[in-house]
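# Results of the structural survey
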There are 2 protein chains.
Amino acid sequence: MSIFLGLVILASLLAICYAAINFYSVKKLEEGTDRMVEIAKEIRLGANTFINYEYKVVAIIGAIIAVVLGIVISWQGACAFIIGACMSAAAGYIGMKIATYSNVRVTNTARTTKKLSDTLKVAYKGGSVMGLCVAGFALLGIFLVYLIFGYGLGQINDVKNGVEAINFLGLEAPFSMTISCYSLGCSVIAMFNRVGGGIYTKAADMGADLVGKTEAHLAEDDPRNPATIADNVGDNVGDVAGLGADLLESYVGAIMSAAILACELFSRKVNGGIVFESAFLEKLLIFPVAFAALGLIACVIGIASTLLKKKLSDNPHMELNISTWVSAGLTAIFGLALSYYIFGSNAKDAYAAFKFGWVSPWIAAVLGVAAGIIIGAIAEYYTSYDFKPTKILAKASIDGPALTVTQGLALGMKSCMAPVLVLGAAIFGSYLIGGIYGISCAALGMLSFVATTVSVDTYGPISDNAGGIAEMSYLDEGVRKITDTLDSVGNTTAAIGKGFAIGSAAFATLSMMNSYLYSYTAPEIDATAINLNVLNPLILAGAIVGAALPFFFSGMLIEAVAKAAEQMVEEVRRQFKEIKGLLEGKAMPDTKSCISISSQGALKEMRVPALTALIFPVISGFIFGAEFVGGILLGATISAIMLAIFTGNAGGAWDNGKKYIETGAIKGHGKGSPAHDAAVVGDTVGDPLKDTVGPSLDILIKIMSTISLVAVAVFSKYNLLDWITGLFN
Amino acid sequence: MSIFLGLVILASLLAICYAAINFYSVKKLEEGTDRMVEIAKEIRLGANTFINYEYKVVAIIGAIIAVVLGIVISWQGACAFIIGACMSAAAGYIGMKIATYSNVRVTNTARTTKKLSDTLKVAYKGGSVMGLCVAGFALLGIFLVYLIFGYGLGQINDVKNGVEAINFLGLEAPFSMTISCYSLGCSVIAMFNRVGGGIYTKAADMGADLVGKTEAHLAEDDPRNPATIADNVGDNVGDVAGLGADLLESYVGAIMSAAILACELFSRKVNGGIVFESAFLEKLLIFPVAFAALGLIACVIGIASTLLKKKLSDNPHMELNISTWVSAGLTAIFGLALSYYIFGSNAKDAYAAFKFGWVSPWIAAVLGVAAGIIIGAIAEYYTSYDFKPTKILAKASIDGPALTVTQGLALGMKSCMAPVLVLGAAIFGSYLIGGIYGISCAALGMLSFVATTVSVDTYGPISDNAGGIAEMSYLDEGVRKITDTLDSVGNTTAAIGKGFAIGSAAFATLSMMNSYLYSYTAPEIDATAINLNVLNPLILAGAIVGAALPFFFSGMLIEAVAKAAEQMVEEVRRQFKEIKGLLEGKAMPDTKSCISISSQGALKEMRVPALTALIFPVISGFIFGAEFVGGILLGATISAIMLAIFTGNAGGAWDNGKKYIETGAIKGHGKGSPAHDAAVVGDTVGDPLKDTVGPSLDILIKIMSTISLVAVAVFSKYNLLDWITGLFN
């Protein structure tokens, strides 16, 4: 055992150290002209101010949750929750820091070297800090939880020996509860980062576009537009900090749900009808953690294999792919070795437990990776203008905004089927291979090289920001061209990343849901007989109500963005009117007031949706009990997956449809034509859908299943319905 | 028993006779000026031509299905299917006929009498023909099926005596299968009527609006717009024939699912753990049919209570409400008596079976009615400009089309929660009262006064058409004002009607789904132990794939509408350009070519979505078996309910938001302002959502569950997965 825990801390520290090296190696670069320094400072200040405020709000909410957990669940749970929250917050904070340092340095590298390859290196180095921190801090936290509570305080031995840990309310508080709480800590931070960041970035973006582009016909990032700086701040707090916290949470969720399931299997020793040995079960508990650690080491090598090259090529797509494929390939090789090392030593048991023996968890993990890649590719098909759907959408713009919106909605809706077929096949396949533990392994596989995925994803917004700074600093066209090339590659990687994000969220949630179902049924019950029966009206009613929740939540988020964007529109209109000479470029806009509108809007509007996600399942549980909540989780997961795919692909296609028109590919309907105006409407409608709603839905389902898993111990014993039923009988 | 069957045929013939009386009483009225006669003829011709073509297509598909049913299921099933299809087709056909007769007579009554009250009477009389035919033909078909197959051929006795009817393939072909096939016949017609009609009407509407309103700034129904006649034809084939077939199908679905469930209960004798007596079970089989018959008699009285009045008041809202409340009130009273008559005679058994004894089925039915009314009221809250949400939406138009669309999407999404909470409560409540039979009773309650609901709903499009004819015939403002008043009342009733439609579809489907679950599990298994287990990966994968289906289906429909609308746009643009003097009112447009575009588009585009709904569950079943299809039904039902509410309310709110602006309520942003243009964009986006997608989704889930119920006997025995698994073991 200790060897695996050593592996975890080794991988974690390796990643964090490498992140630190990259951090300082980027930071020591030159920032460029005075104007560039000034703009970068403004962006940095805006991002810092927002994230400080945001973290203050979150700290208060987190403290309240920790106290409640301490009282109701266990002090170990409360501590694990705090550790999780700190790790997630730290990763988001450092990622945002490095993003606001590297943006201007990317611009400056493009300006001084005029080389795509050198610029790419700086941008990817910046991105790698975020990627490495996400995985590094996640594993550091897991290490601490396993070390302190699992081994130090003997909770793992309790599980192994069948000792029931009871808290002072008489409820069970075993190791699985402690790791659920750790996972919850990460979820809560992720929720606020995603929702807050998502509202911020899109309020600024929509505000900037609605007046700047549509009314005043300014270009993107025009320095005369007062909302431009806020828009760039938004990229950092939304696309960087938000994305990082999101994927950290998925990563932790995937690892932990496999571990929780293993804990539950301990008390049941049955997986799909197959009875396990206790010694074998311990292996199930350590496999996911060790797999993640090896995956992280593979990622460090993968990232280094690109960054340590003396000279990068001029093909960013290829360079990033090398990183990704090296990371994924090594993860697969390491994983195979691990699977053999852990399960191969007792081949007979492994064959009894899994369809294909010791290699089964590995096959399930690879299945997860394959599903993630295919889902990403499908997302690219539907959203890239190299393919038919987006081209058709772009052509619809000729007939005006109404048909653009209509066709985009149709595209998004149609695009739900293909990824879901892949998801369904992966669920069924991984189950056949490894039972419900196999489903967790598939999630694990998808997320095992998250460090590289996030690095590649973060490089996009950094390049986007670099382009903004170039534009606002009046640098020559060549600079902007380099950053635009990087940015456009970033758009493709982002589309694939979104496919991965929703795929992994779905798997992690299903895995959590399985744990949930186990945890409220008595251990004597065979896993195959656990009954989430649709003839049970509580489950059915729960599923229907649960399915409405993602819609309700999305509606709230869109409204929040629209509300803040409307304020922004008014402010920008006011400045154009009142600041004399602004539109002629003779006066400076008041960017601070726009930053403040975005910040205030996001901080104010993020609370209700985020808290709804947290509180809804708990309150439902206390009223209608555990079965109803089981139904809610089922319904919410299903409808959130659809909505996330729908919003992500519709939004992406509108965005790229607009870009397709801007390339001049449709003759007679180029930039500035009515068709382009219609396409801008589509893009604006899609903005909050793809960047606020879609990503937040990933977290919604994870946080709901995590909090239900934590709270079920309480509400399965104490709920209103049982009490009333008790009165009648 | 025979007394109840007598009741059914009595009610059916009463309704059909009253419909015939009203039909001829409307038809004998004057049509008005030559111009009016001419326009009405054109509309009638367009509608007839389309529906003849449509029925030809459907006849071929129906014949194929009937042959397959005859071979695979039973000849009784094939005959019942044909009876169902004929009844549904007849109701749709007659309804469309009377609508195209009454529209011009409504206009003429307004023109000659200049009285709202007299005009209302003609419009409502026209609508009542449709309403009475829907319920009358549905019951006529049920009477035939019960008489011929149930009693005549002894299928009911087989059920009672536990005789297993086997077809020549060795599959079970009992009475429940025969009535499922009857239901399927109604579903298939409804599907094509709804989808075909929905595409037709919205292609014409969008085409007329996109060029006429947005580009040429013509008013609604302007005779210079070549697409105006097609738009009016669309109202008849979509809103009248489509709606009628849809509600007939829901009505039959609600009655039949209760009956099917009763048949299944015969072979199990258990409902929620309670064991039934066989004598008691027979009552369960006859209660829904008798309840529906009494409901129809109540509706005849309710409709007559308005139509037979010498003098109606000038308040159409009140007059229609009188009809509705008399029908609903009498249904409730008759139902209570029936419940006592059927179940009260053996009070002990009833108390053993149901929570509150003999009155329980009645309580569940009333619960269904209440849920339907509340869901309708919620729809009105979200879509009427008397309330806050639509007012806010209207104000967003000031900031342009992008925010209008965004806010509308948010409104639609948020509006999913409230109706679903009502639905969940009704499901849980009706189950508590009467087990899964209770859920069927709730569906029954909702639909028992369908004759009046459809009459009131049909009166709307008739008035709308009458207004169009007035506009196109250059009649004076006063006529148009009368029809507009009638039309606006129609909009409110339509919103409530949509709530009813989705609520009843949900209930009918859940009820079908329960029957489905029963039908593929062995009779020995206790109902409470039937296992639709989410830990079963086939169910889970099925639910996720199933949830994608309504999205995919909706995407296809929207695309179909957009495609046809684009052709229409081109044709209208062409005519404006090529026909000299058209815009100045000196030349006539070529309306026939527009009618032909709508017809061709609808006929071409309706096949794939409609057939997808039919074939998808069957193919899935033959590949992955009955459990997977169970998952699909669950997922599809849940996501279709959300999408139907979302699209219905968003579309309704956009429509009324536009109307709110047209009233001039927002100062400085009235008709013709940029805000109004933005609102028109919202309205146009909403059109296919609320009138094509939403209503079709209701049928999608019903047809899927019906066909699965029919096919499950086959694919639960023969499917690829079982075969492959067999090879491996």
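Note that the structure is predicted; figures quoted are calculated from it, not measured. (Residues numbered from 1 in each chain as written. Chains lettered and ligands numbered in written order. Predicted model: local features only at pLDDT ≥ 70, side-chain atom pairs only at ≥ 80, totals over all residues. Heavy atoms only, no water.)

### Notes on the packing of aromatic side chains
One pair of aromatic rings is described through two measures. These are the centre distance and the angle between the planes. Overall, the coordinates contain 34 aromatic pairs over all chains when judged by the stated rule. Measuring from centroid to centroid gives 5.4 Å for Tyr146 of chain A and Phe175 of chain A, while their planes differ by 85°, and the two rings are edge-to-face. A residue pair is termed long-range when its members are at least 10 positions apart, and Tyr146 of chain A in helix α4 (residues 116–152) and Phe175 of chain A in helix α6 (residues 175–215) qualify at 29 residues. Accessibility assignment for this pair places Tyr146 of chain A and Phe175 of chain A in one class, buried. Both rings, one in Tyr385 of chain B and one in Tyr660 of chain B, keep their centres 5.4 Å apart while their planes meet at 45°; by these two values the pair is tilted. Taken together, the residues Tyr385 of chain B in the loop between α11 (360–383) and α12 (388–396) and Tyr660 of chain B in helix α20 (residues 626–662) connect sequence positions 275 residues apart. (Phe/Tyr/Trp six-rings, centres within 6.5 Å; stacked < 30°, edge-to-face > 60°. Helix = DSSP H or I, 4+ residues; strand = E, 2+ residues; numbered from the N terminus. Buried < 20%, exposed > 50% of the residue type's maximum accessible area, 1.4 Å probe, protein only.)

### Some remarks on the interface of chain A and chain B
At the junction of the two partners, chain A supplies 72 residues and chain B supplies 72 residues. Summed over both sides, the interface between chain A and chain B buries roughly 6700 Å², with carbon and sulfur atoms accounting for 81% of that surface. Taken together, the connections running from chain A to chain B amount to four salt bridges. Where chain A meets chain B, there are six residue pairs in polar contact (both at pLDDT 80 or more). Elements supplying a minimum of two residues to the side of chain A that touches chain B: α6, α13 (401–414), α14 (417–447), α16 (477–519), α17 (537–578), α20 (626–662) and α21 (674–715) of chain A. Considering each element in turn, the side of chain A that touches chain B owes the most residues, 21 residues, to α17 of chain A. Here the side of chain A that touches chain B is built from residues that sort into 57 nonpolar, ten polar and five charged. (Contact = heavy atoms within 4.5 Å. Buried area = accessible area lost by both parts, 1.4 Å probe. Salt bridge = Lys/Arg side-chain N within 4 Å of Asp/Glu carboxyl O. Polar contact = N/O pair within 3.5 Å; in protein donor to acceptor, adjacent residues only side chain to side chain. Nonpolar A, V, L, I, M, F, W, Y, C, P; charged D, E, K, R; others polar.)

### Thoughts on the relation of the copies chain A and chain B
Each copy of the sequence occupies a distinct position, and chain A is placed on chain B by a rotation of 180° and an axial shift of 0.0 Å, giving an RMSD of 0.0 Å. The two molecules are tied by a two-fold rotation axis, judged by turn and shift. Mapped onto chain B, 100% of the interface residues of chain A again fall at the interface, so both copies present the same surface. (Least-squares fit on C-alpha atoms with pLDDT ≥ 70 in both.)

### Some points on helix α14 (residues 417–447) of chain B
Between its first and last C-alpha atoms α14 of chain B spans 23 Å; for 31 residues at 1.5 Å apiece the expected length is 45 Å, and the helix comes up short by more than 12%. Among the 31 residues in α14 of chain B, 27 count as buried, and that is most of the element. (Expected span 1.5 Å × (residues − 1).)

### Quick word on the side chain of Ser473 of chain B
Secondary-structure assignment places Ser473 of chain B in the loop between α15 (450–472) and α16 (477–519). Dropping the residues within four chain positions of it, Ser473 of chain B is found in contact with Arg35, Met36 and Ile39 of chain B.

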